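For reference, the chains in residue letters:
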Amino acid sequence: MSAVLTPDLIAKLESVDSPTVSNAIEIFKVRSRREGYMGPDIQCRFPDLGAVVGHAVTCTIVEYDENYPPDPAERTAWMKAIDDSTKADKPPVCVVRDDCHRKGWSSHWGEMVGTRTKLSGSKAIITDGAVRDLEALHGMGMKTWSKHVVVSHGWIDVGQANIPVEVGGLIVNPGDILHADMNGIVCIPEEVIPDIWGEIEKCLANEQAALKEWHAETPTSGTLFK
């Protein structure tokens, strides 16, 4: 997969919005239009930082008793997965599922975890839990999507690393290719990667032709909502 998701293709994909990517995926008819993307609960915190494309590195977070901290093995495995993805030329996007009892009340992702993972190559964080230290995350250029924002990290740690997780209604597997921007997050099926840019260009050309016609004169029925 890394052989076809080249830096050049990543740059091209990051130059277009996620609705355009979603429209292009529809052309291949590999899944329903109702599938393959996260729902509206997952919000982009920094729209000005632009889109991101990368490979999912997944984990869950769980609460623990502060007197009995968890075994750090899963946290170590998660960090190793980020490092391995970077070394394999698969730019990592961290996808974190909040499995805490009080979902969204403890932030796993702030300045410290953001800095550590960025230094390991992480391009973004996507979570159905909470983030904090927004100024610091924005300052370091960490592209961020979350369901919640909260002040405390509580008592949490990585529960399981490198497993399929459901975030925002989308099952994300380790290594899945994600495109995210201010509109939301869409998973790009591996099988469409070799041809997706050509379909994106066609979608953009068709949209521009229709918009040009609509601005010039009353549109015909044939140009509406193809």
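Since the structure is predicted, the reported quantities are computational estimates derived from the model, not experimental observations.

**Student:** How would you explain the overall build of the protein if you had to name every residue and give the values?
**Tutor:** Regarding its fold elements, the protein presents 6 helices and 13 strands. Relative to a compact globule of 226 residues, whose C-alpha radius of gyration would be 17 Å, the protein shows 19 Å and is just as compact. Along the first, second and third principal axes, the C-alpha atoms of the protein reach 70 × 35 × 30 Å. The buried share of the protein, reckoned over its 226 residues, is 41%. Considering only residue pairs separated by 6 or more positions, the protein has 77% of its internal contacts joining residues 24 or more positions apart. Accessible area of the protein: about 11,800 Å², with a carbon and sulfur share of 52%. If you average the places of the 22 positive and of the 33 negative side-chain charges in the protein, the two averages end up 2 Å apart.

**Student:** Explain the pairing of strand β13 (residues 184-188) to me, and be specific about the residues and the numbers.
**Tutor:** Across a regular strand the side chains alternate sides, sitting on one face of the sheet and then on the other. Most of β13 is tucked away: 5 of the 5 residues are buried. Residues Gly 184, Val 186 and Ile 188 point to one face of β13 and Ile 185 and Cys 187 to the other, with burial holding for every one of them. Where strand β12 (residues 177-181) and β13 come together, 5 bridges link them in antiparallel fashion. Within β13, the residue paired with His 179 across the bridge is Val 186. Between β12 and the antiparallel strand that follows it, β13, lie 2 residues.

**Student:** For the packing of helix α1 (residues 7-14) against helix α6 (residues 193-216), give the residues involved together with the corresponding values.
**Tutor:** Direction vectors running N to C along α1 and α6 enclose 40°, while the axes themselves pass 11 Å from each other. With respect to each other, α1 and α6 are oriented oblique. Crossing geometry of α1 relative to α6 is assigned as left-handed. Contact with α1, carried on its side by Leu 9, Lys 12 and Leu 13, involves Ile 193, Ile 196, Trp 197 and Ile 200 of α6 and no other residues of that element.

**Student:** Describe the packing of helix α3 (residues 73-87) against helix α4 (residues 111-119), with residues and values.
**Tutor:** Packing of α3 against α4 leaves a shortest axis separation of 9 Å and a crossing angle of 40°. Classed by the angle they form, the pair α3 and α4 counts as oblique. Where α3 approaches α4, its residues Trp 78, Met 79 and Ile 82 are matched on the opposing element by Val 113, Arg 116 and Thr 117. Each residue belonging to the contact of α3 with α4 can be placed in one class, and the counts come to 4 nonpolar, 1 polar and 1 charged.

**Student:** A description of α3 should follow, citing residues and the corresponding values.
**Tutor:** With 15 residues, α3 extends 21 Å between its outermost C-alpha atoms, agreeing within 8% with the 21 Å of an ideal straight helix rising 1.5 Å per residue. Within α3, burial applies to Trp 78, Met 79, Ala 81, Ile 82 and Ser 85. Looking straight down α3, one finds its buried side chains confined to an arc of 150°; they lie on one side. Of the exposed residues in α3, those oriented more than 90 degrees away from the buried face are Thr 76 and Lys 87. Turning to α3, the residues buried within the fold contact β2 (52-63), β3 (92-98), β4 (107-109), α4 and β9 (156-161). One or two residues past the end of α3 sits Asp 89, with phi positive at roughly 60°.

**Student:** If you had to explain the packing of aromatic side chains to someone new, which residues and values would you point to?
**Tutor:** Tallied over the full model, the rule gives 2 aromatic pairs. A ring pair is formed by Tyr 64 and Trp 155, whose centres lie 5.9 Å apart and whose planes are at 75°; its orientation type is edge-to-face. Here the residue Tyr 64 occupies a position in the loop between β2 and α3, and Trp 155 occupies one in the loop between β8 (148-149) and β9, the gap between them amounting to 91 residues. Looking at Tyr 64, the relative accessible area reads 22%, which means it is partly exposed. A residue is classified by how much of its surface remains accessible, and Trp 155, at 44% relative accessible area, is partly exposed. Taking the centre distance of 6.0 Å and the plane angle of 75° together, the rings of Trp 78 and Trp 109 count as edge-to-face. Separated by 31 residues along the polypeptide, Trp 78 in helix α3 and Trp 109 in strand β4 bring together distant segments of the chain. Here the two residues Trp 78 and Trp 109 agree in accessibility, since each one is buried.

**Student:** So what about the environment of Pro 47? Which residues, and what values?
**Tutor:** With respect to the helices and strands, Pro 47 occurs in the loop between β1 (43-44) and β2. A relative accessible area of 41% places Pro 47 in the partly exposed class. Expressed as a C-alpha distance, the spacing of Pro 47 and Lys 143, which sit 96 residues apart in the sequence, is 8.4 Å.

Criteria and cut-off values
Residues numbered from 1 in each chain as written. Predicted model: local features only at pLDDT ≥ 70, side-chain atom pairs only at ≥ 80, totals over all residues. Heavy atoms only, no water. Helix = DSSP H or I, 4+ residues; strand = E, 2+ residues; numbered from the N terminus. Rg over C-alpha atoms; globule rule 2.2 N^0.38 Å. Buried < 20%, exposed > 50% of the residue type's maximum accessible area, 1.4 Å probe, protein only. Contact = heavy atoms within 4.5 Å. Areas by Shrake-Rupley, 256 points an atom, 1.4 Å probe, with all protein chains shown as cover. Lys, Arg positive; Asp, Glu negative; His and termini not counted. Charge placed at Lys NZ, Arg CZ, Asp CG, Glu CD. Pairing = 2+ DSSP bridges. Axes fitted to C-alpha atoms, helices over the stretch in contact; angles between N-to-C directions. Parallel < 35°, antiparallel > 145°, perpendicular 65-115°, else oblique. Left-handed = near helix turned anticlockwise from the far one by under 90°. Nonpolar A, V, L, I, M, F, W, Y, C, P; charged D, E, K, R; others polar. Expected span 1.5 Å × (residues − 1). Arc of directions from axis to C-beta. Phe/Tyr/Trp six-rings, centres within 6.5 Å; stacked < 30°, edge-to-face > 60°.

These figures come from the coordinates and say nothing about function on their own.
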